[in-house]
Amino acid sequence: MIKLNNVPSLIILLLIAVSCGKDKEANFTLNGKVKGLKKGIVYLQKDGDSSAVNLDSVIVTGTEEFSLKTYLDEPILLYLKLFKNDGEEHYIPFFAAKGITEINSTLDNFQFNAKISGSRQQELLDEYLKVMSRFNNQNLELIANNFKAQKDNDSIASDSLNKQSERLIKRKYSYTIQFAMNNKDSEIAPYLALYEIPSANPFFIDSVYNGLTDNIKKSYYGKKLGEIVSGREIAE
């Protein structure tokens with residue numbers, strides 16, 4: 001699968017650096033398959049302080065399948081990145097935990113055709129995103145109808161659609177808050193509070209955090225959410 005002939009030296013050095021950085025035995029494996037992929041580079045990444053951090057990478061030549069490995073202290077959101085020399089960045093975000101995760105996708109619609117199976121956190125994220133997709137489709141319909149109303153100079157219809165859009169946003173926030181509170185024993189709860197509803201009323205963010213189990217409060221996302229809550233309390 002890995003062929004280093006004619007690969008730029010910078011990429012070779014990158015792969016060596018990633019390999020040397022694995023000072024702990026891998027406890028997480030990502031098995032991937034991208035239909036139509038014949039040549040490219042796939043990366044396993046996580047968020048860093050200012051940029052993405054490479055955890056592993058593989059040069060793919062003549063095969064659609066690959067495997068990436070790393071060590072995880074706890075469940076966390078990772079990214080499968082595909083570089084296919086088209087000037088664009090292609091990512092699939094997913095929630096990883098110790099064990100094996102499988103991602104199957106296609107070259108043409110890398111992110112949108114992704115099928116992910118693995119962690120319980122990913123199952124919850126999929127459940128959440130499925131509902132969010134319905135909300136987003138409703139919002140697109142409202143936008144299209146509002147555009148038509150404005151084009152027809154129908155201010156009454158436009159005002160009504162704007163109000164519907166505002167109610168839809170509130171429903172999305174309400175669903176996210178409730179979903180997080182219903183899954184207080186999962187890392188998905190503080191993750192959603194941090195990245196899906198960061199501008200929500202602080203009361204609801206505090207409610208999500210205070211409802212977390214002790215174990216989740218000590219998790220990566222639980223600590224980050226706790227810092228935000230504590231910082232706001234100190235400021236007040």
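Residues numbered from 1 in each chain as written. Predicted model: local features only at pLDDT ≥ 70, side-chain atom pairs only at ≥ 80, totals over all residues. Heavy atoms only, no water.

Remarks on helix H3 (residues 155-182)
For H3, built from 28 residues, the straight-helix expectation of 40 Å at 1.5 Å per residue is met to within 8% by its first-to-last C-alpha distance of 40 Å. Along H3, the residues that are buried comprise Ser158, Leu161, Ser165, Leu168, Thr176, Ile177, Phe179 and Ala180. (Helix = DSSP H or I, 4+ residues; strand = E, 2+ residues; numbered from the N terminus. Expected span 1.5 Å × (residues − 1). Buried < 20%, exposed > 50% of the residue type's maximum accessible area, 1.4 Å probe, protein only.)

What about the sheet that holds strand E6 (residues 90-96)?
One open sheet accounts for four strands, arranged E3-E2-E5-E6; its pairing is antiparallel. Of all the strands in the sheet, the pair left with one neighbour each is strand E3 (52-61) and E6. This sheet shows a mean twist of 20° between the axes of neighbouring strands, independent of strand direction. Looking at chain direction, strand E5 (residues 76-83) and E6 are connected through seven bridges and run antiparallel. Across the sheet, the residue bridging to Leu77 is Phe95, located in E6. (Pairing = 2+ DSSP bridges. Axes fitted to C-alpha atoms, helices over the stretch in contact; angles between N-to-C directions.)

Structural notes on helix H2 (residues 120-151)
In this model, H2 (32 residues) spans 47 Å end to end at C-alpha, consistent with the 46 Å of a helix rising 1.5 Å per residue. Those residues of H2 that sit buried are Gln121, Gln122, Leu124, Leu125, Tyr128, Val131, Met132, Phe135, Leu142, Asn146 and Ala149. If you follow the buried residues of H2, they end up packed against E5, E6, strand E8 (115-117), H3 and helix H4 (188-195). Of the residues flanking the end of H2, it is Asn153, one or two places downstream, whose phi is positive at about 60°. (Contact = heavy atoms within 4.5 Å.)

Examining the packing of aromatic side chains
Enumeration according to the criterion identifies 13 aromatic pairs in this entry. Centroid distance Tyr79 to Tyr91: 6.3 Å. Interplanar angle 80°. Geometry classified as edge-to-face. Of this pair, Tyr79 sits in strand E5 while Tyr91 sits in strand E6, and the two are twelve residues apart along the sequence. Residue classification places Tyr79 among the buried positions, given a relative accessible area of 18%. Given the relative accessible area of 25%, Tyr91 is considered partly exposed. Summarising the aromatic geometry, the rings of Tyr191 and Tyr221 are spaced 5.4 Å apart at their centres and angled 75° between planes, so their arrangement reads as edge-to-face. Taken together, the positions of Tyr191 in helix H4 and Tyr221 in helix H7 (residues 220-235) put the pair 30 residues apart, joining distant regions of the chain. Each of the two residues, Tyr191 as well as Tyr221, counts as buried. A connected cluster of aromatic rings, assembled from ring pairs, spans Phe95, Tyr191, Tyr195, Tyr220 and Tyr221. When the ring centre of Tyr43 is taken as origin, the NZ or CZ atom of Lys81, which lies over that ring, is 5.4 Å away. Over the face of the ring belonging to Tyr209 we find Lys217, whose NZ or CZ atom lies 5.0 Å from the ring centre. (Phe/Tyr/Trp six-rings, centres within 6.5 Å; stacked < 30°, edge-to-face > 60°. Lys NZ or Arg CZ within 6 Å of the ring centre and 35° of its normal.)

Side note on the sheet that holds strand E7 (residues 99-106)
The strand order across the open sheet formed by four strands is E4-E1-E7-E8, and the pairing between neighbours is mixed. Edge positions in the sheet fall to strand E4 (65-70) and E8, since each has one partner strand and no second. In this sheet, neighbouring strand axes are inclined to one another by 15° on average, regardless of whether the strands run parallel or antiparallel. Both strand E1 (residues 28-35) and E7 contribute to a ladder of eight bridges, which runs parallel. Pairing of Lys35 across the sheet is with Thr106, part of E7.

These figures capture arrangement, not role.
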